[in-house]
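Summary of the model geometry
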Amino acid sequence: MSGESVKVVVRCRPMNQREKDLKCNNIVKIDSQQNTAQLICPTEPNQPPKSFTFDGAYGIDSNTETIYGDVGFPLVESVCEGYNGTVFAYGQTGCGKSFTMQGNLAQKGMIPRAFEHVVETASNTCSKALGIIPF
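Below you will find a few notes about this structure. Worth saying up front: this structure is predicted, and the values here are computed from it rather than measured. (Residues numbered from 1 in each chain as written. Predicted model: local features only at pLDDT ≥ 70, side-chain atom pairs only at ≥ 80, totals over all residues. Heavy atoms only, no water.)

**A look at the overall build of the chain**
Scanning the chain for helices and strands turns up four helices and five strands. Each helix and strand of the chain, ordered N terminal to C terminal, gives the series β-α-β-β-β-β-α-α-α. Across the 135 residues that make up the chain, the buried fraction comes to 17%. Put simply, of all contacts in the chain between residues at least 6 apart along the chain, 47% involve residues at least 24 apart. Accessible area for the chain stands at about 10,200 Å²; split by element, carbon and sulfur atoms hold 55% of it. (Helix = DSSP H or I, 4+ residues; strand = E, 2+ residues; numbered from the N terminus. Buried < 20%, exposed > 50% of the residue type's maximum accessible area, 1.4 Å probe, protein only. Contact = heavy atoms within 4.5 Å. Areas by Shrake-Rupley, 256 points an atom, 1.4 Å probe, with all protein chains shown as cover.)

Rendered as structure tokens:
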């Protein structure tokens, strides 16, 4: 995901317990290799799904580490080189934006990963500028 442009990435979260208890059907199919999301109409499941293509697509089995490596890391590297960068999380309430961006105790989100990346880069840059050899 290199270059200077807007990238659109989709992440589909797993069903929550309420959705499982209600025996909801999964109507979203993610193909991470083709970067597509297919939406199946729940009232007309025999109709062809609507397909959408993105710059990146991550399914229910994805983790934030992988997404950060693919999307966040190159963006933060560009920011550390002096370019502007933004991650804009958009979606319906409950779709997983806060989890992706903030994470939890088991899985750090994009924001803590980006902060660590910036601090590490700044530390290494300052150490090199001052001639300090890290140990």
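**Some points on the sheet that holds strand 2 (residues 28-31)**
One open sheet accounts for three strands, arranged 2-3-4; its pairing is antiparallel. In this open sheet, the two edge strands, each paired with only one partner strand, are strand 2 and strand 4 (50-53). Direction aside, the axes of adjacent strands within the sheet are offset by 20° on average. (Pairing = 2+ DSSP bridges. Axes fitted to C-alpha atoms, helices over the stretch in contact; angles between N-to-C directions.)

**Structural notes on the pattern of salt bridges**
Tallying each qualifying case throughout the model produces two salt bridges. We note a salt bridge from R13 to E19, for which the minimum N-O separation is 2.9 Å. (Salt bridge = Lys/Arg side-chain N within 4 Å of Asp/Glu carboxyl O.)

Keep in mind these numbers describe shape, not what the thing actually does.
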